[in-house]
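The chain contents come next:
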Amino acid sequence: MAISAIILGGCGEAVIRDDQSRILALGDSMFAWNRLTKNAIPDVLESDLGEEVVDRSVIGARFLYDLPISGAMGLNISKQYRPGNWDWVVINGGGNDLWFGCGCGDCDRIIDGLISSDGRTGKIPMLVSKIRHDGAKAVFVGYLHSPGAYSIIDHCKPDDIEFERRLADLAERTEGFYYLGVSDLVPEGDLTFHVVDLIHPSVKGSKAVAGLIANLIRNVGI
């Protein structure tokens, strides 16, 4: 299962020693989707900014992932990170932890493992702290929702809302860390921002999210 997920998502781009790229992308299928046509969110971000984006996102990746080999190959989002000459690290993730990890019964524990209610502990604050210590700014991008249309992950939306609320609070208190919510980007009943599963972004969805990330980076500065 882990190997097939890596094949489907690609292993992400390697970080080459002394690479002068300034933007790194980490995450799961929200970022990796549309990669085969070069319309994934990091691809579009690269085009929008005119800056190379090293994309290490992998379909199926999680933050709470303990298998060492496949984790090192990208299924552990924290392990996708590599130190470098980054000005920005663009992150998404957590959805697979909520969808597959809690079994619809242990979601509070999963959310706490990602980020505690006070934002002081969890995999994501640890990753953000490391990125900031290394000198880069970071932005965490939330998930697209599909208002007015049912998807198989709708039961996770309340947990995602709480998860992203904690991220927003952390960003408010952390210099150089930003939260970009996109849950209200899709108009009620509009199916064109997603592919048919209503989970992953269509090319239109990828372009819309990438545009928002690009605007934030431009406004803050690169």
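Comments concerning the sheet that holds strand 4 (residues 137-141)
In step 1: A sheet is described by the order of its strands in space; here five strands give the open sequence 2-1-3-4-5, paired in parallel fashion. Every interior strand has two partners, whereas the edge strands, strand 2 (53-55) and strand 5 (177-180), have only one. Neighbour-to-neighbour, the strand axes of the sheet open up by a mean angle of 20°, direction not taken into account.
In step 2: Taken together, the four bridges between strand 3 (residues 88-91) and strand 4 define a ladder with parallel strand orientation. By the bridge assignment, Val 89 is partnered in strand 4 with Ala 138.
In step 3: Each of strand 4 and strand 5 is contacted by helix 9 (residues 157-173), which is oriented at about 145° to strand 5, the strand it contacts most.

Some words on unusual backbone geometry
In step 1: Positive phi outside glycine occurs at Asn 34, with the angle close to 75°.
In step 2: The topology assignment puts Asn 34 in the loop between helix 2 (29-32) and helix 3 (41-49).
In step 3: With phi around 60°, Leu 198 is a residue other than glycine that occupies positive phi space.
In step 4: As for its position among the elements, Leu 198 is in the loop between strand 5 and helix 10 (203-220).
In step 5: Taking the relative accessible area as the measure of exposure, Leu 198 reaches 13% and is therefore buried.

Observations concerning the confidence of the model for the protein chain
In step 1: Confidence in the prediction for the protein chain averages 89 pLDDT; 87% of positions are at 70 or higher.
In step 2: Confidence drops under a pLDDT of 50 for residues 1-9, and excluding neighbours within four residues, the segment shows 16 contacts in the predicted structure.

What about helix 9?
In step 1: Helix length check: helix 9 (17 residues) gives 25 Å between terminal C-alpha atoms against 24 Å at 1.5 Å per residue, within 8%.
In step 2: Listed in full, the buried residues belonging to helix 9 are Asp 159, Asp 160, Phe 163, Glu 164, Arg 166, Leu 167, Leu 170 and Ala 171. Seen from one end, helix 9 has its buried residues packed into an arc of 150°, which puts them on one side. Structural note: helix 9 exposes Pro 158, Ile 161, Glu 172 and Arg 173 on the side pointing more than 90 degrees away from its buried face.

Reading the values: the criteria
- Residues numbered from 1 in each chain as written.
- Predicted model: local features only at pLDDT ≥ 70, side-chain atom pairs only at ≥ 80, totals over all residues.
- Heavy atoms only, no water.
- Pairing = 2+ DSSP bridges.
- Helix = DSSP H or I, 4+ residues; strand = E, 2+ residues; numbered from the N terminus.
- Axes fitted to C-alpha atoms, helices over the stretch in contact; angles between N-to-C directions.
- Contact = heavy atoms within 4.5 Å.
- Buried < 20%, exposed > 50% of the residue type's maximum accessible area, 1.4 Å probe, protein only.
- pLDDT = per-residue confidence, 0-100.
- Expected span 1.5 Å × (residues − 1).
- Arc of directions from axis to C-beta.

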